[in-house]
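As a plain string of letters, each chain reads:
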Amino acid sequence: MSEPPLQPPPACSPLLSRRREQPIFSCKAHVFHIDPKTKRSWIPASASAVSVSFFYDSTRNLHRIISVEGTKAVINSTITPNMTFTKTSQKFGQWSDVRANTVYGLGFGTEAELNKFIEKFQEIKEAARQAPAGSATNGTGSTPTTSANASPVIARAVKMDQQPSESPKHELKGGEKPAGQAASSSEAQLKYENDRLKLALAQSSANAKKWEVELTTLKTNNARLTAALQESTANVEEWKLQLQSYKEENGRLRGRVLELEAGRGGDTAELSRELHQLRARADKLETDGKRKDEENRKLAASLADPAAKAQADGLKALDQENEQLRGQLSRLQDQLEMALSAQESQHKVLDTLNMQLGDKIAELQGIHTELHQAIQT
């Protein structure tokens, strides 16, 4: 049988008083009851270490082990000669009470405390063995209450009612009790009931304060959760509006890119055609220039001839026209370079717009992920 975990209780301290219904030995220990279903595990009977005391009733010559936690009796066991206290470990021991139909377990802080309890148990058990037969009952032959749930205060009041008056001065007719004894018994009972009601009232007040604190805490938590929910709802609405704005801006950027791409394609085709024409014209002019140079060389030899001179003048005119054509070609090339430069600038603008579009798409994806997580939670 496994032993439950224990907290170290204060040291045992024997009480020297041996008055009736007063403990003759007390100590601190954790109290356990055997599980009535499994008969193998322990059930804590006390929330912490409580006082465990040996009581002696001189009238009945009885020894009892009693332990009370608050208003609940966790141990109420009458010691008999047949009982055996078993030490199962250095700090834990147990005994069986047939009348209470349970097995009690005690956990101590040190082995020395357990050994003191065992010595006192053996001493009282020996005293119970040597007690004369029949001394453990009252005049009516009834046995004392041994239930684990019985209150020792009530048992004490019952004993006071059942105890015969000592050295009566006068005999009463018909077995009547003296008026003083009956009044004392009723007063003790009323006092006990009054104390019990006071304790119940104090516990009710403590519970009411505890419930009030718990209710305040619940109200505070509810207000916090409501505020957090409202804030989350407002954030979701704001994110939805922002997402819609980003979608619209994304659509505008996509349209702008398509327009730029379409415009760039048309300008490029037109510039390519114009460049091809200019190159073809430049090649033709270069061929004509070479041909004219060859003719100039041939005519240089015959400058003295008037006809050749006239032909030379015609060649000069052709050279001037050729020079004009070359100037025009140079201007067209400059225009072509300017068009290519503008095209390059437009291409850079498109790249910048494309990068901005990518950033916006990434941002939209992040917002979409946050919205999805917010909706899921």
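Read on for an overview of the structure. What you see is a predicted model; the values in this text were computed from it and never measured.

What counts and how
- Residues numbered from 1 in each chain as written.
- Predicted model: local features only at pLDDT ≥ 70, side-chain atom pairs only at ≥ 80, totals over all residues.
- Heavy atoms only, no water.
- Helix = DSSP H or I, 4+ residues; strand = E, 2+ residues; numbered from the N terminus.
- Buried < 20%, exposed > 50% of the residue type's maximum accessible area, 1.4 Å probe, protein only.
- Contact = heavy atoms within 4.5 Å.
- Areas by Shrake-Rupley, 256 points an atom, 1.4 Å probe, with all protein chains shown as cover.
- Salt bridge = Lys/Arg side-chain N within 4 Å of Asp/Glu carboxyl O.
- Expected span 1.5 Å × (residues − 1).
- Core = buried A, V, L, I, M, F, W, Y, C linked by side-chain atoms within 4.5 Å.
- Phe/Tyr/Trp six-rings, centres within 6.5 Å; stacked < 30°, edge-to-face > 60°.
- Polar contact = N/O pair within 3.5 Å; in protein donor to acceptor, adjacent residues only side chain to side chain.

## Considerations on the overall build of the chain
Working step 1: Summing up its helical and strand segments, the chain has four helices and eight strands in all.
Working step 2: Each helix and strand of the chain, placed in order from N terminus to C terminus, yields the pattern β-β-β-β-β-β-β-β-α-α-α-α.
Working step 3: Counting only residues that meet the buried cut, the chain has 29% of its 377 residues in that class.
Working step 4: Counted over contacts in the chain with a minimum sequence separation of 6, partners at least 24 positions apart contribute 59%.
Working step 5: Of the roughly 25200 Å² that the chain leaves accessible, carbon and sulfur atoms contribute 54%.

## So, the pattern of salt bridges
Working step 1: All chains considered together, the criterion is met by five salt bridges.
Working step 2: Note that glutamate 123 and lysine 120 form a salt bridge whose closest N and O atoms lie 3.4 Å from each other. Of the two residues, glutamate 123 and lysine 120 both sit in helix α1 (residues 111-130), three residues apart, roughly one turn of that helix.
Working step 3: Since its relative accessible area comes to 13%, lysine 120 is described here as buried.
Working step 4: Arginine 129 is paired through a salt bridge with glutamate 126; the nearest N and O atoms lie 2.7 Å apart. One end of the pair, arginine 129, and the other, glutamate 126, are both in helix α1, three residues apart, so they sit about a helical turn from each other.

## What about α1?
Working step 1: Over its 20 residues, α1 extends 29 Å from the first C-alpha to the last, a length consistent with the 28 Å expected when each residue adds 1.5 Å.
Working step 2: Those residues of α1 not exposed but buried are Glu113, Leu114, Phe117, Ile118, Lys120, Phe121, Ile124, Lys125 and Ala128.
Working step 3: Packing partners of the buried residues in α1 comprise β1 (23-34), β3 (50-57), β4 (62-69), β6 (86-87), β7 (92-97) and β8 (102-107).

## Brief notes about the nonpolar core
Working step 1: Formed by 25 residues in total, the largest nonpolar core has its most connected members in Val52, Phe54, Ile65, Ile75, Trp95, Leu106 and Phe117.
Working step 2: Elements supplying a minimum of two residues to this core: β1, β3, β5 (72-78), β8 and α1.
Working step 3: In contact with valine 52, not counting residues within four places along its chain, are Phe25, Ser26, Cys27, Ala29, Val31, Ile65, Ile66, Ser67, Ile75, Leu106 and Phe117.

## Looking at the packing of aromatic side chains
Working step 1: Under the definition given, this model contains eleven aromatic pairs.
Working step 2: Ring geometry for phenylalanine 32 against phenylalanine 92: centres 6.0 Å apart, planes inclined by 55°, an arrangement best described as tilted. Taken as a pair, phenylalanine 32 in strand β1 and phenylalanine 92 in strand β7 lie far apart in primary sequence, 60 residues in all.
Working step 3: Given the relative accessible area of 1%, phenylalanine 92 is considered buried.
Working step 4: Three or more aromatic residues joined by ring pairs make a cluster, and in this case those are Phe25, Phe54, Phe85, Trp95, Tyr104, Phe108, Phe117 and Phe121.

## Some details on the environment of leucine 199
Working step 1: Relative to the assigned elements, leucine 199 resides in helix α3 (residues 179-300).
Working step 2: Taking relative accessible area as the criterion, leucine 199 reaches 34% and is therefore assigned partly exposed.

## Let's talk about the environment of threonine 102
Working step 1: Mapped onto the elements, threonine 102 comes out in strand β8.
Working step 2: The class of threonine 102 is buried, set by a relative accessible area of 13%.
Working step 3: Considered as a pair, threonine 102 and serine 77 are 25 residues apart in the sequence and their alpha carbons are 9.7 Å apart.
Working step 4: Apart from residues no more than four positions distant in its own chain, threonine 102 is found in contact with His33, Ile34, Ser96 and Asp97.

## A closer look at the side chain of serine 46
Working step 1: Here serine 46 shows up in the loop between β2 (42-44) and β3.
Working step 2: Within the structure, the side chain of serine 46 is placed 2.9 Å from the backbone oxygen of serine 48, a separation counted as a polar contact.
Working step 3: Excluding its chain neighbours within four sequence positions, the residues that come into contact with serine 46 are His30, Val31 and Glu69.

## Focus: the side chain of threonine 80
Working step 1: If you trace the backbone, threonine 80 turns up in the loop between β5 and β6.
Working step 2: Residue contacts for threonine 80: discarding those within four places in its chain leaves Arg99 and Lys125.

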